[in-house]
Every structure is written in structure tokens, then in C-alpha cells.
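Observations on the three-dimensional arrangement
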Amino acid sequence: MIRLAVLAGALMLGSLPGAGQALADCRQALALALDVSGSVDAREYRQQIGGVAEALDSAEVRARILAMPQAPVRLMVFEWSGPQEQVELVPWTDLDSAATLDGVIETLRQTSRRSTPPGTALGVAMAEGVRRLTAQSDCWKRTLDISGDGKSNLGPRPRTVRTQLEDSGVTINALVIGVDNPRSTDIRQAEIAELSSYFRAEVIMGPGAFVQTAIGFADYARAMKEKLLKELEGLVVSEL
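Residues numbered from 1 in each chain as written. Predicted model: local features only at pLDDT ≥ 70, side-chain atom pairs only at ≥ 80, totals over all residues. Heavy atoms only, no water.

Glancing now at the pattern of salt bridges. The full count for this structure, using the stated rule, is 18 salt bridges. The shortest N-O distance in the salt bridge between Glu60 and Lys225 comes to 3.1 Å. Here Glu60 is found in helix α2 (residues 59-65), whereas its partner Lys225 is found in helix α7 (residues 220-231), with 165 residues between them in sequence. The exposure class of Lys225 is partly exposed, given its relative accessible area of 25%. When the shortest N-O distance is used, the salt bridge between Arg74 and Asp94 registers 2.6 Å. (Salt bridge = Lys/Arg side-chain N within 4 Å of Asp/Glu carboxyl O. Helix = DSSP H or I, 4+ residues; strand = E, 2+ residues; numbered from the N terminus. Buried < 20%, exposed > 50% of the residue type's maximum accessible area, 1.4 Å probe, protein only.)

Okay, here's the thing in C-alpha cells:
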């Protein structure tokens, strides 16, 4: 049997198992880090976590996740805010069946907001996500998908943390969330552009790393869906 690999983005042919070798246990480890800092109110919290569930449940994302059950996507989800506030919502789970994916989606839909202190420790969230991803050594690709609606104001500077993480082999992508109801479209676009530039300069790293934008939390589900489709398109393996 011959395995034909088609690679897009950062993956290289040499990273695949050789002919006749068993497939890896996991084709991609994906950690979703959700911003629940003081700037996120109760309504925005529901839009964010519900948006993740909606994106995972879309037909296009489901098809991409479940395309290779023999080498599944491995997903975990955690919330972050202050330096001591990183809480796991979904532990590492191999999405190898529709039932397993449905279980993760339902867990997210049933999650209630916990009390969190004010503060945005973005650098700490980056380090925590990469720490969890480096343990998934059997995955072909490891990606941290971090959402945020503001700049870091507690803990180490994200740029400093990124320098320390550059050799981890983890890609960090970002989903930047702009304000919902600014006074004008021009203000909205300027705010999103400034925050996106910050995340590009301070946060994202790795081959093909990118920033996705959402125009407010009401736009989060659409932005997360597009982001997941980009992140999951990197590797297709078929057997002839």
C-alpha cells in the first residue's frame, strides 16, 4: 500500500511517516485559548463560547475534523485572564467520531461563566498553551489558537514570552475581537487594525501563523469558523 501525502502551509513531506509505517496517533493538536478577562461581559462570554461550539458544529469544520479518524485532530479548550487564571474546559480529546465531537460541542454549550478577577495576562496564556501542546509529541502539527479583545496588562510581555517559545515547534495563531458598537465604522476599523498589529508584533509565531479578526463578539462564530478551516486545511493523507 502506498501513502500519498499532499501538504499545504508549514508541513513538509519529510515529517510524514515513511512508506509502510503506521500513521501517527494524531495529525494535529489544537488548543483553543479563550479570553475571559474583565473586559468580557456575560453576554460576550456566551457569544464567545457559543461561537466556538457553533464553529465546531458547522458542516465544513465537522467534515475537515472527521476526515481522518485513524489520525484524528486532538482538541483541548481553556479559558484565560489573569496570571493565575487558566482553567481547562475541555481536556485533550481525540475527535475520532461524530459522537465525540458532539460531546465536546455540548460541553461548551453547557459551560457557565466563572468569576474572574480583572486583568489580561496574555503572555502567561501563551506560555500555558504551548506547555500543554509540547506534551502532545505524537501529533504531526501543534497549534495554539488564542482569542483576545485587548492588549496584555499583567505578567510578562507577550513579545518576551514568544522569544522563549520560538523553538517549541508550536504555531500560535490569534483571533482578535474588536468592539461591538463603536461610534462609527472608521473607529471600528482603526481599533481592529491597531489590535491586529499588536498581535502580529507580539503574539503569533511559527510557519504560516496568522491573525483572524472578528468585528465584535457577535461576529465571533463566523471568525472562529474561518480560522478553524484555515488551521485544519494543512494536511490531507489518502491511501491508494
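It is worth spelling out the nonpolar core at this point. Membership of the largest hydrophobic core comes to 33 residues, with the highest contact counts inside it found for Val52, Leu56, Ile65, Leu75, Val77, Leu108 and Leu228. Of all elements in the fold, only β2 (26-35), α1 (42-57), α2, β3 (73-80), β4 (86-95), α3 (98-110), β6 (171-177) and α7 reach the threshold of two or more residues within this core. Among all residues touching Leu108, those that are not within four sequence positions of it are Arg46, Ile49, Val52, Ala53, Leu56, Val77 and Val90. Ranked by size, the runner-up nonpolar core spans 28 residues in total, among them Met76, Met126, Tyr198 and Val211. (Core = buried A, V, L, I, M, F, W, Y, C linked by side-chain atoms within 4.5 Å. Contact = heavy atoms within 4.5 Å.)

Attention now moves to the sheet that holds strand β7 (residues 211-214). On the basis of which strands lie adjacent, the open sheet formed by six strands has the order β4-β3-β2-β5-β6-β7 and mixed pairing. Edge positions in the sheet fall to β4 and β7, since each of these pairs with one other strand and no more. Along the sheet, successive strands turn relative to each other by an average axial angle of 15°, direction set aside. Looking at chain direction, β6 and β7 are connected through four bridges and run parallel. For Val176, the partnering residue across the bridge sits in β7 and is Thr213. Strands in contact with helix α4 (residues 122-134) are β2, β3, β4, β5 (139-148) and β6; relative to β5, the strand with the most contacts, it is inclined by about 160°. (Pairing = 2+ DSSP bridges. Axes fitted to C-alpha atoms, helices over the stretch in contact; angles between N-to-C directions.)

With 16 residues, α1 should cover 22 Å at 1.5 Å per step; its first-to-last C-alpha distance of 22 Å lies within 8% of that length. Among the residues of α1, Glu44, Tyr45, Gln48, Ile49, Gly51, Val52, Ala53, Ala55 and Leu56 are the ones counted as buried. Between a side-chain oxygen at the N-terminus of α1 and the backbone nitrogen of Arg43 the separation is 3.2 Å; the capping residue is Asp41. (Expected span 1.5 Å × (residues − 1). Polar contact = N/O pair within 3.5 Å; in protein donor to acceptor, adjacent residues only side chain to side chain.)

Counting buried positions along β2 yields 10 of 10 residues, so the element is predominantly enclosed. With seven bridges connecting them, β2 and β5 associate as parallel partners. Counted as the bridge partner of Leu30 is Thr143 from β5. Relative to β3, β2 runs parallel, the two sharing eight bridges.

Counting across every chain of the model gives one disulfide. Here Cys26 pairs with Cys139 through a disulfide, and the sulfurs are 2.1 Å apart. One quick way to see it: the torsion about the S-S bond of Cys26 and Cys139 is about 100°, and its sign makes the bridge right-handed. Here Cys139 lies in strand β5 and Cys26 lies in strand β2, a separation of 113 residues in the sequence. Here the two residues Cys26 and Cys139 agree in accessibility, since each one is buried. (Disulfide = S-S within 2.5 Å.)

All right, on to the packing of aromatic side chains then. Applying the stated rule across the entire model yields one aromatic pair. Ring centres of Tyr198 and Phe199 lie 5.8 Å apart, and the angle between their planes is 75°; this geometry places the pair in the edge-to-face category. Judged on exposure class, the residue Tyr198 and its partner Phe199 are both buried. In this structure, Arg132 packs its charged tip against the face of Phe78, placed 6.0 Å from the ring centre. (Phe/Tyr/Trp six-rings, centres within 6.5 Å; stacked < 30°, edge-to-face > 60°. Lys NZ or Arg CZ within 6 Å of the ring centre and 35° of its normal.)

With that settled, consider the packing of α1 against α3. At a closest axis distance of 9 Å, the pairing of α1 and α3 adopts a crossing angle of 165°. By the criterion of interaxial angle, the relationship of α1 to α3 is roughly antiparallel. The way α1 lies across α3 gives a crossing that is left-handed. From α1, Arg46, Ile49, Val52, Ala53, Glu54, Leu56 and Asp57 reach across to α3, where they touch Leu101, Val104, Ile105, Leu108 and Arg109. Along the lines of polarity and charge, the residues of the contact of α1 with α3 split into eight nonpolar, no polar and four charged. (Parallel < 35°, antiparallel > 145°, perpendicular 65-115°, else oblique. Left-handed = near helix turned anticlockwise from the far one by under 90°. Nonpolar A, V, L, I, M, F, W, Y, C, P; charged D, E, K, R; others polar.)

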